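Listed below are the residues making up each chain.
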Amino acid sequence: MWRFQVTLSFFITFVFLHGSVAADSDKALNDLMTQLAQSQHGRTRFIEKQFIRILARPIESSGELVYDAPSHLEKHTLQPRPESIILERDTISITHGKFARSFSLVAYPQVGVLMMSIRQILSGDLIGLSRSFAHDFESGIHGWRLTLIPHDPKVLHIVSRIVLSGIGSEIRDMEFERDNGDYSVISLGVNKSN
Amino acid sequence: MLSRFLSVSIWACLIVLAIVVAFHTRYTADLSAFLPATPSKAQRLLVNQLQEGLVSRLILIDIEGSDAAGRARASNALALQLREQAIFRSVENGGASRLESDRDFLVKHRYSLSDQVTTERFSVAGLRSAIAESIDLLASPLGQIAQEYFARDPTGESLQAFNQLIPQNQPHLRNGVWESRDERRALLLAETRARGSDTDGQEQAISLIRYEFLRVKNHVNTVFPLILRLSGPGVFAVQARNTIQHEAIRLSILSSSVIAILLLIIYRSITTLVIGFLPVVSGAVAGVAAVALGFGIVHGVTLGFGVTLIGEAVDYSVYLFIQSDRVEEHLRLLTWKEKFWPTVRLGMLTSICGFATLVPSAFPGLAQLGVYSIAGLIAAGLTTRFVLPSLMPKTVSRSLPIRFGKILVRLLPLLRTWHKLLWLIPILAGGVLYAHRSQLWNRELSALSPIPLAAQILDANLRSDLGTPDVRTIIVLSGPSSEAVLQASEKIVPALDSLILERAIAGYQAPSQYLPSLATQQQRRASLPTGSALATNLQNAVVTLPILTTQLAPFLRDVEAARTAPFISREGLEGTSMAAGLDALLIRNNRPLDSWSGILPLIAARSGLNAYAVDADRIRQAIVLPKGAVDATVLDLKQQSDELYASYLSDALHLSLLGFLAIVVLLLISLRSLKRVVRVIIPLAFAVLTVMVALNLLRVSLTILHLIGFLLTIAIGSNYALFFDREASLHEPEKNSAFLASLLIANLTTVIGFGVLAFSTVPVLAALGMTVAPGTLLALLFCAAFSESSERT
């Protein structure tokens, strides 16, 4: 009986809360995206940890992310070796050691899907985001958490899940998962946007 | 009677023969008219490049209109269609297809292709640093791609091969295809199998592109209609050939009809008109036949020049018809033979003297003009002398010319009062020409280009958008075998790499990038350790790395396989884009038989000291090859062709001056009076000077065709001067109003013939027109002004 009651109360609480949580989260996501959309220019430091299955240890790197609304995103890795990746509209330019080339995202989606996703989030375009991803947003007093799953099967093969978390209008962590189990976490520093 | 019949039959037979010859001749519109018959080594290489080099085979395709996505779809569809056509070696549009198909080849042959393959690379330390680097790559944006190959290729040789082979200066990409920098046009680059000088082959390729584009346009949905534009040397050659042919025909029809109408008004008889044109036709046919027999091939320029013969040859019959005033036939012939023909003959010989000097020119284009003019003038003269008198109607209406002439007789004294004023011409002209002496002559070959400026600008824009192919400086390696040339190419490449670091050049291509020499392939293979040695080294190398050897088993297998795989040859490249790349840079020559050439195009730096122009001397110093079977020549194509044109121009200038001297000598011999010679020469010289100054003030810088125009002015004007001279010496000037009328009518036909040319869109023809039309008019006026009146003599 007690068990039942507990279950019931859980059930009632759940049903009751779920509606309001859903409405709240939609509104919170909307607010977050609106705030993100207002930021025209951003520059922040990052630390990236990549967990690659065939490697015994994670690879750690750090650098700087630069964003100019609506379509320009740069990721400059400074440690352990300089590397840069610049996304401008549908062209991605990569400099890695002696390698320096530009690719079309249309022809080589595997090269720039991550960058493209970051840009889409930073631009605060909720409609565009909904078109590309199934999303789930949770928020609480400790911050928020946005889970994105790509619709496009081609993209899904490259990144199976993106989890963003942050506080207020700030993104703190971005986690990218591949279907083969590899994943990477990008932690963003204090946002010095202006 | 018999002799008359004989002369007409001989003439008819010769004309038929000439027509047969003209019909069996090859006509060409390529650049070879402007290339010397006995070129230097550098010139021969230049000619080779212009006629069959990679640059000459490229067609730049530009799709405009609609939106970016529509253009991209059209670009992909067109590229797909054209790639299936055997007449194209390659069609690039920035799409992925090429990389996809080449990637397998690069991965498969990475141990032969990568220049990092050395013994040290497979030592413990070498493996360690190479694998560490690849691990970094896994973490980079390229990681997704790198991961696919990591187990097979942990030292990253595939990426190295990719870096070596695929050019870095790729054009701007959008929607997966190349796009112009102004983002309004999609760009494609097609390479034809046909040589650039094969105008028919180029024309076929161009029509195919246009045809496929129309089909694509109908199948691809776009917001707005698409427009296709083509450019490139082959496109220009086809355009030029069509324009010259089209214009030469159109303009000769136009000018002959205007001249015909004028003469019809004067003669009032169609028969007289037709007969009057016989010398022109004879001259044109004889000219072409003579060039065909002498050279075996007729240049388009020569043919275009044929139009101009109308100007002089039609004068002959005008002189005959209007000046011979006797009704009785034998008397008429007699006066023509004794009174007029010697003057016409001297005028003809004068013209021939002028043109004869062009014949020994080293440039086939000039030599052909000389031969054409001489043969044409002789034929026209002989026809006038021997055939026309027998054919001409008994009565030629001369009432109009005589009425006309009477007005001229009254005007003549007026002109004479000005003649002192004309002495100002040399003084003023001297001043103007001296002040502008630096801009007097155009010394660039492009001045002769029959390509409209708009097309040249489009071409320059496309080239700058596409980045690579505006190759101006090349290194040419010549050697006895492909292996020798490839080895030489490999020796030069490190020097070029350091030139890139010094920013002397932005990049280069080399045959050895596509196909390493056999020696290098063997050397690379020898540096691959045996299976057990590699396994041991690998084991020791990965100790400090976050990776286990068990994961790298495919690597050991692949290296072992590479140790026994066949070496790569040209045939092995078949089916990849590297095959086309290599064929453009490694060429088997027919002369000398079985020799090989390697071409290394250099790309100019975009900024700095050597921006947009490669310093050829600096390259020469940098690429010293050891003395051996292969030698290297650094060739600046633009400089070479401009030098070539400059020598062409100075050749023509010297020859023309020589021709002028020959004319003076001829006149001295036949007139036997220095005073008379001076009187003949001065009005002509003044006319040429005046036109020169006028063109200079109009900011037209003179080309070789203007020079030819001056020669023609003197040739035609000498007839006027000689007639005036004869009239003065016979002491019966003004009385002969028919004489003055014939000169003016002859001059009008010339001015019409060349005046029409002046409006041609082909610069070559326009230059002739704007020089000769005003030149001959002035020559006539000056001749009249300087003529002596009978009262004074």
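For the structure itself, look to the data block above.
Structural notes, computed from the coordinates. All figures in this text were calculated on a predicted structure; none of them were measured in a lab.

Each side of the interface is counted separately: chain B has 34 residues, and chain A has 33 residues. Both faces considered, chain B and chain A share a buried interface measuring about 3,000 Å² in area, 53% of it formed by carbon and sulfur atoms. For chain B, the biggest contributors to the area lost against chain A are P141(B), Q144(B) and P546(B); these three give 21% of the whole. Where chain B meets chain A, there are one salt bridge. One salt bridge connects R81(A) with D136(B), and the closest N-O pair in it is separated by 2.7 Å. Here chain B is connected to chain A by six residue pairs in polar contact (both at pLDDT 80 or more). When residues of the side of chain B that touches chain A are traced back to their parent elements, those giving at least two are helix 5 (97-108), helix 7 (124-138), helix 8 (143-150), helix 9 (157-165) and strand 4 (173-174) of chain B.

With that out of the way, let us pick up a nonpolar patch on the surface. Residues W418(B), L421(B), L424(B), I427(B) and L428(B) make up a contiguous nonpolar surface patch of roughly 570 Å² in combined accessible area. Position of W418(B) among the secondary structure elements: in the loop between helix 16 (399-417) and helix 17 (424-435).

A word on the sheet that holds strand 7 (residues 133-140) of chain A. All names here are of chain A. Taken together, the eleven strands give an open sheet; going across it, the order is 6-5-4-3-2-1-11-10-9-8-7, and neighbouring strands pair in antiparallel fashion. One side of each edge strand has no neighbouring strand; the edge strands of this open sheet are strand 6 (99-104) and strand 7. Taken pair by pair, the neighbouring strands of this sheet meet at an average axis angle of 15 degrees, ignoring direction.

Take the side chain of S112(B) next. By the secondary structure assignment, S112(B) is in helix 6 (residues 110-113). Residue class for S112(B) comes out buried when judged on its relative accessible area of 9%.

This part is about the packing of aromatic side chains. All names here are of chain B. Per the counting criterion, the structure on display carries eight aromatic pairs over all chains. Ring centres 5.2 Å apart and planes at 90 degrees place the aromatic pair W423 and F686 in the edge-to-face group. Of this pair, W423 sits in the loop between helix 16 and helix 17 while F686 is found in helix 27 (residues 674-697), placing the two residues 263 residues apart along the sequence. Note on W423: relative accessible area 40%, which makes it partly exposed. The exposure class of F686 is buried, given its relative accessible area of 6%. Members of the aromatic cluster, joined through ring pairs, are W423, F686 and F786. In this structure, R525 is placed above the aromatic ring of F567, and the distance from its NZ or CZ to the ring centre is 4.0 Å.

Turning our attention to the nonpolar core. Of all hydrophobic cores here, the largest spans 116 residues; its most connected members are L263(B), L667(B) and F724(B). The element that contributes the greatest number of residues to this core is helix 28 (residues 704-729) of chain B, accounting for 15 residues. The contacts of L263(B), once residues within four sequence positions are left out, are R268(B), L273(B), F277(B), V314(B), V318(B), I745(B) and T749(B). Counting 110 residues, the second largest nonpolar core, distinct from the first, contains F46(A), I505(B), L586(B) and V630(B).

Rules used in this analysis
Residues numbered from 1 in each chain as written. Chains lettered and ligands numbered in written order. Predicted model: local features only at pLDDT ≥ 70, side-chain atom pairs only at ≥ 80, totals over all residues. Heavy atoms only, no water. Contact = heavy atoms within 4.5 Å. Buried area = accessible area lost by both parts, 1.4 Å probe. Salt bridge = Lys/Arg side-chain N within 4 Å of Asp/Glu carboxyl O. Polar contact = N/O pair within 3.5 Å; in protein donor to acceptor, adjacent residues only side chain to side chain. Helix = DSSP H or I, 4+ residues; strand = E, 2+ residues; numbered from the N terminus. Patch = residues over 30% accessible without salt bridge, like charges linked within 9 Å, V, L, I, M, F, W, Y side chains within 5 Å. Areas by Shrake-Rupley, 256 points an atom, 1.4 Å probe, with all protein chains shown as cover. Pairing = 2+ DSSP bridges. Axes fitted to C-alpha atoms, helices over the stretch in contact; angles between N-to-C directions. Buried < 20%, exposed > 50% of the residue type's maximum accessible area, 1.4 Å probe, protein only. Phe/Tyr/Trp six-rings, centres within 6.5 Å; stacked < 30°, edge-to-face > 60°. Lys NZ or Arg CZ within 6 Å of the ring centre and 35° of its normal. Core = buried A, V, L, I, M, F, W, Y, C linked by side-chain atoms within 4.5 Å.

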